[in-house]
Amino acid sequence: MKLLIGSRESRLAVVQAELLMEAIRAAHPEVELELVTMKTTGDKILDRTLDKVGGKGLFVKELDAALRDGRADLTVHSCKDLPMEESADLPLLAFSRREDPRDALVLPEGAAEIDFSKPIGCASLRRKLQLERLYPQARVEPVRGNVLTRLRKLDEGQYGALILAGAGLKRLGLEGRIARYFSTEEMLPAAGQGILAVQGRAGQDTEILSGFADEAGRLCALAERAFVRALDGGCTSPVAAHAVVQDGEMILTGMNVYGEKDSIAGAAAEGERLGLTLAERLRERRPAWDKTEK
């Protein structure tokens, strides 16, 4: 039996695909695996932010096409980069154990603190909204490209600091570049941050993914995605969600488009319902200082 594993070309994407392949090999050494990489539209368009060119779907369009025409049997994604709507013919088959979900501050090589005379680079409105509250003196500007490209731009002096997902830096062996982590209270992570998702064709046997799939990761991802989906939160929105599961219970924290946060607790198995309930609670909530008419 041979499986074709589809991935974006970036070093991080390949490392993440290899994590899936290692898990499959460990549980099913008889399966032959081949990595198939491709450049997605989102990787090619680097001069505009995602909200200007079509959103997160730009990172999966080519991989979805490869699944549909048989050039790939499974594809691996950072869960946070997936569109919130799932295709019936290309379901998400498994979610990984969650790596550290926190966002991280990265400084130029040799720097000890943020140089606020230069912009802080971050690629999402979610981070921008929360970052401006933490550092009101900061100027926040978008930065595109893969992790290594962003680090090069930082070290060349284009930015005073970057905000990146700690999980990606750790998977790349670049944890030493992290100046500090932001707690999830300071900066609520993106839905699915730190979790890998495996996508395939409807009807595929998922037993081969048993060594990779993680139940807590699945419950958190589904709850967080349900919350964001209920608020119509895509890459053009700062909507965020983070769930923690322990002893069958879940605490889910969400943030709406106005930066207002709230939490809900309940049975982890009912995480999607919790996400919908929390979304309804936060749908119209605005900061007390926001007098804008509804």
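Provided above is the structure to which this section pertains.
Computed from a prediction, not measured in an experiment: that's the story for all the values here.

> Lay out unusual backbone geometry with the relevant residues and their values.
In this model, Asp 247 sits at a positive phi of 50°, which is unusual for a non-glycine residue. Looking at the secondary structure, you find Asp 247 in the loop between strand 11 (240–246) and strand 12 (249–255). By relative accessible area, Asp 247 is classed as exposed at 73%.

> Can you tell me about the sheet that holds strand 13 (residues 261–267), naming the residues and giving the values?
Here three strands make up an open sheet; going across it, the order is 11-12-13 and the pairing antiparallel. The strands lining the two open edges of the sheet, one partner per strand, are strand 11 and strand 13. Across this sheet, the average inter-strand angle for adjacent strands is 15°, counted without regard to direction. As judged from the seven bridges shared by strand 12 and strand 13, these two strands associate in the antiparallel manner. Counted as the bridge partner of Ile 251 is Ala 265 from strand 13. Sheet strands touched by helix 8 (residues 215–230): strand 11 and strand 12. Its angle to strand 11, the strand with the most contacts, is close to 150°. Along the sheet, helix 9 (residues 271–282) contacts strand 12 and strand 13; its crossing angle with strand 13, the most-contacted strand, is approximately 150°.

> Help me get a handle on the packing of aromatic side chains, residues and values and all.
For the structure on display, the rule yields one aromatic pair. Ring geometry for Phe 116 versus Tyr 135: centroids 5.8 Å apart, planes at 50°, classification tilted. Here Phe 116 is found in the loop between strand 5 (103–106) and strand 6 (120–121), whereas its partner Tyr 135 is found in the loop between helix 5 (125–134) and strand 7 (140–141), with 19 residues between them in sequence. We classify Tyr 135 as buried; its relative accessible area is 14%. Arg 102 extends its terminal NZ or CZ atom over the ring of Tyr 181, reaching a point 3.9 Å from the ring centre.

> Residue-level account of the sheet that holds strand 8 (residues 161–165), with values.
Strand pairing in a sheet is mediated by backbone hydrogen bonds. Such pairs are either parallel or antiparallel. The sheet built from five strands is open, its strands ordered 7-6-8-5-9 with mixed pairing. Two strands in the sheet have a free side with no partner beyond their single neighbour: strand 7 and strand 9 (178–181). Relative to strand 9, strand 5 runs antiparallel, the two sharing three bridges. Bridged to Val 106 within strand 9 is Ile 178.

Calculation criteria
Residues numbered from 1 in each chain as written. Predicted model: local features only at pLDDT ≥ 70, side-chain atom pairs only at ≥ 80, totals over all residues. Heavy atoms only, no water. Helix = DSSP H or I, 4+ residues; strand = E, 2+ residues; numbered from the N terminus. Buried < 20%, exposed > 50% of the residue type's maximum accessible area, 1.4 Å probe, protein only. Pairing = 2+ DSSP bridges. Axes fitted to C-alpha atoms, helices over the stretch in contact; angles between N-to-C directions. Contact = heavy atoms within 4.5 Å. Phe/Tyr/Trp six-rings, centres within 6.5 Å; stacked < 30°, edge-to-face > 60°. Lys NZ or Arg CZ within 6 Å of the ring centre and 35° of its normal.

Coordinates in, geometry out; function isn't part of it.
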